[in-house]
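An overview of the molecular structure
Take a look at the letters that make up each chain.
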Amino acid sequence: MNFWKETLGAPTKIVAPMVDASELAWRLLSRGYGAQLCYTPMLHSSIFCKDPKYRKEALASCAEDKPLIVQFCGNDAKTMLEAALLAEDYCCAIDINLGCPQAIAKRGNYGAFLEDKWNLLQDIVSTLSKGVKVPITCKIRIFADLDKTIRYAKMLESAGCSMLTVHGRTKEQKGPLTGIADWSYVKAVRNAIKIPLISNGNIQCIQDLNRCIEETQVQGVMSAEGNLYNPAIFLGENPPAWEPALKYLDLVDIYPCPTSFVRGHLFKLFHHVLAIPNNNNLRIQLGAANTMGDFKKIVTHLREMYICYHEGREKWDPMTEEGTENLILPPWLCQSYMRSPPEEHLQKTAVDNCNEHKRHYEDSDGNPISRKRMKKLRRIARRPEKPEMLASRSLERCSLCANPLGSKCEYKLCKKCCKDKCFTENLDCEGHRILVKTRREMAQYFSKKRSDTDAVTCVS
Ligand SMILES: Cc1cc2nc3c(=O)[nH]c(=O)nc-3n(C[C@H](O)[C@H](O)[C@H](O)COP(=O)(O)O)c2cc1C
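Residues numbered from 1 in each chain as written. Predicted model: local features only at pLDDT ≥ 70, side-chain atom pairs only at ≥ 80, totals over all residues. Heavy atoms only, no water.

This next bit is on the site of the ligand. Every one of the 16 residues lining the ligand counts as a neighbour, but Val19, Gln71, Lys139, Asn200 and Ala224 are closest to it. For the ligand, an oxygen atom lies 3.1 Å from a polar atom in the backbone of Pro17. At 2.5 Å, a side-chain N or O of Asn200 approaches an oxygen atom of the ligand. Coverage of the ligand by the protein chains reaches 81% of its 610 Å² of free accessible surface. Residue composition of the shell around the ligand, by class: six nonpolar, seven polar and three charged. (Near = heavy atom within 4 Å. Polar contact = N/O pair within 3.5 Å; in protein donor to acceptor, adjacent residues only side chain to side chain. Areas by Shrake-Rupley, 256 points an atom, 1.4 Å probe, with all protein chains shown as cover. Nonpolar A, V, L, I, M, F, W, Y, C, P; charged D, E, K, R; others polar.)

Viewed as axis vectors pointing N to C, helix α12 (residues 242–254) and helix α13 (residues 259–269) meet at an angle of 170 degrees, and their least axial separation amounts to 10 Å. In terms of axis orientation, α12 runs roughly antiparallel to α13. Only Phe261, Val262, His265, Leu266 and Leu269 of α13 make contact with α12, whose side of the interface consists of Pro244, Ala245, Tyr248, Leu249 and Val252. In terms of residue class, the contact of α12 with α13 is made up of nine nonpolar, one polar and no charged. (Axes fitted to C-alpha atoms, helices over the stretch in contact; angles between N-to-C directions. Helix = DSSP H or I, 4+ residues; strand = E, 2+ residues; numbered from the N terminus. Parallel < 35°, antiparallel > 145°, perpendicular 65-115°, else oblique. Contact = heavy atoms within 4.5 Å.)

Within the secondary structure, Lys13 sits in strand β1 (residues 13–15). Residues Lys13 and Leu405 lie 392 residues apart in sequence; the distance between their C-alpha atoms is 50 Å. If sequence neighbours within four positions are ignored, Lys13 has contacts with Gly34, Ala35, Gln36, Leu37, Ile206, Leu209, Val221 and Phe234.

Let us now look at the environment of Trp26. Within the secondary structure, Trp26 is located in helix α2 (residues 24–32). Residue classification places Trp26 among the buried residues on the basis of a relative accessible area of 0%. Note: C-alpha distance between Trp26 and Glu410 (384 residues apart in sequence) is 41 Å. Contacts of Trp26, omitting those with residues within four sequence positions, involve Met18, Ala21, Asn227, Leu228, Pro231, Tyr248, His265 and Leu269. (Buried < 20%, exposed > 50% of the residue type's maximum accessible area, 1.4 Å probe, protein only.)

Turning our attention to the side chain of Arg190. Relative to the elements of secondary structure, Arg190 occurs in helix α9 (residues 183–192). Buried and unpaired, Arg190 has no salt bridge, with Glu157 as the nearest side chain of opposite charge at 6.2 Å. A polar contact is formed between the side chain of Arg190 and the backbone oxygen of Ile193, at a distance of 2.6 Å. In this structure the side chain of Arg190 is engaged in a polar contact, spanning 2.6 Å, whose partner is the side chain of Gln219. Sequence-distant contacts of Arg190, that is, excluding residues within four places in its chain, are made with Met1, Ile195, Pro196, Leu197, Thr216, Gln217, Val218 and Gln219. (Lys, Arg positive; Asp, Glu negative; His and termini not counted. Salt bridge = Lys/Arg side-chain N within 4 Å of Asp/Glu carboxyl O.)

So, on to the pairing of strand β6 (residues 136–141). Residues in a regular strand point their side chains to alternate faces of the sheet. Within β6, six of the six residues are buried, leaving the element largely enclosed by the surrounding structure. Side-chain alternation along β6 places Ile136, Cys138 and Ile140 on one buried face and Thr137, Lys139 and Arg141 on a second face that is also buried. When strand β5 (residues 93–98) meets β6, the two strands line up parallel, connected through five bridges. Pairing of Ile96 across the sheet is with Cys138, part of β6. Here five bridges tie β6 to strand β7 (residues 163–167), and the two strands are oriented parallel to one another. (Pairing = 2+ DSSP bridges.)

The domain boundaries assigned to the chain delineate domain 1 (3–237), domain 2 (239–343) and domain 3 (415–455). Counting residues at the interface gives 24 residues for domain 1, matched by 22 residues for domain 2. Between domain 1 and domain 2 the total buried area reaches about 2,100 Å² when both faces are included, carbon and sulfur atoms providing 67% of it. Of all residues in domain 1, Tyr33, Gln204 and Tyr229 bury the most surface against domain 2, accounting for 30% of the area lost on that side. The interface formed by domain 1 and domain 2 holds one salt bridge in total. Between Glu225 and Arg339 there is a salt bridge, and its shortest N-O distance comes to 2.8 Å. The tally of links from domain 1 across to domain 2 stands at six residue pairs in polar contact (both at pLDDT 80 or more). If you tally residues by element for the side of domain 1 that touches domain 2, the top one is α2, at five residues. Of the residues contributing to the side of domain 1 that touches domain 2, the split by class is 14 nonpolar, five polar and five charged. (Domains from an automatic or database assignment. Buried area = accessible area lost by both parts, 1.4 Å probe.)

Here it is as structure tokens:
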């Protein structure tokens, strides 16, 4: 418990690791609204080791961004150790993602898809906990089998995990099947292990936090979606969305991030306002916005539209705005977003399946494919192709594998083989726009310059 109490400062209000969403500017915003511990988004350990640019962006932090846990995914103890050693000076702990249930994690064999590979996990956790100077923590999902969940948590504890986050949903509970997290599993794990335990799932307001700690006796709770829709969740406040939005945009000015992250955050902050059919134009505008100027203009516009209601100068009538009649709070206030229950989705798909008008899609060989795949194939078919490129593509193959050759590749390889070659042989490929050599040289130049001027600010 010393790690949770002394190193982390006994945090109970924790912002989850979130790909494309828990970047530095968002973490600082959340901390300003009462978050006591934040995580980086999940980082890929192998890319982190190989690519200095990825590493630099992933470790962007500042003095106020404390305490911070860096999260990695991966399935190889050696690579994960190498990544952890490169990150240990910038954080209070290294977290291992064992909870990601997405298809990309299945393809990459990481996250929740390692939950049955206990020997491998034991190796990863013990290698890291022995080899790194900061504690190692893990974030897991539950199994449907309670006993197995408890044995899983104990296994990670005995392998050297110093703090565990339990997301009280199984790996099948995702997307429209997300449903409710089961705190009884979290409580059972709490009773079975000695290390600090964080509960994740079902935290939509401050009352949920208090109820969760009371019911499960965990050390703290972690929120992801609740925090994205209302960054003031841990203060128990529901500010008008433009307040956190404008603060966030100011932070992005200082700590830049990709515009797709900014757009994603604004869509969630203004979710209930943009769901109003009359605001469809603004929704489209935000979808197309690409500069900080665009974002600020849209936020200011939304503020001007709703501030008169917020300040009580005009009376808001929820019945006049379609889509807002079921909200407990007015739509311009930050508030959680309630997903519909999985039963509803299952009912809907059952109806769809029975519906004789349901369309079935097939590829050109007559194999059944999903609607999504069909749309993708149609998009590809609509793409204008240059005849000479097509001809050369169909003739030439990568000299190391069967993939088509990159038409401008200097080494006559496909993109994947070219990338591997550039990484191992320290090369650039203009044709594929792979600039490993140039980036490494630049990184060396800047690190030399930095050590010369001794102007590095590290977060330890
Ligand atoms: C946008 C988004 C990105 C996420 N990225 C990560 C991630 O990088 N690592 C991780 O362990 N979990 C990730 N998650 C899962 C959350 O950390 C959390 O476990 C899950 O959303 C359940 O918490 P909630 O009910 O508070 O949303 C992500 C969730 C969201 C909504």
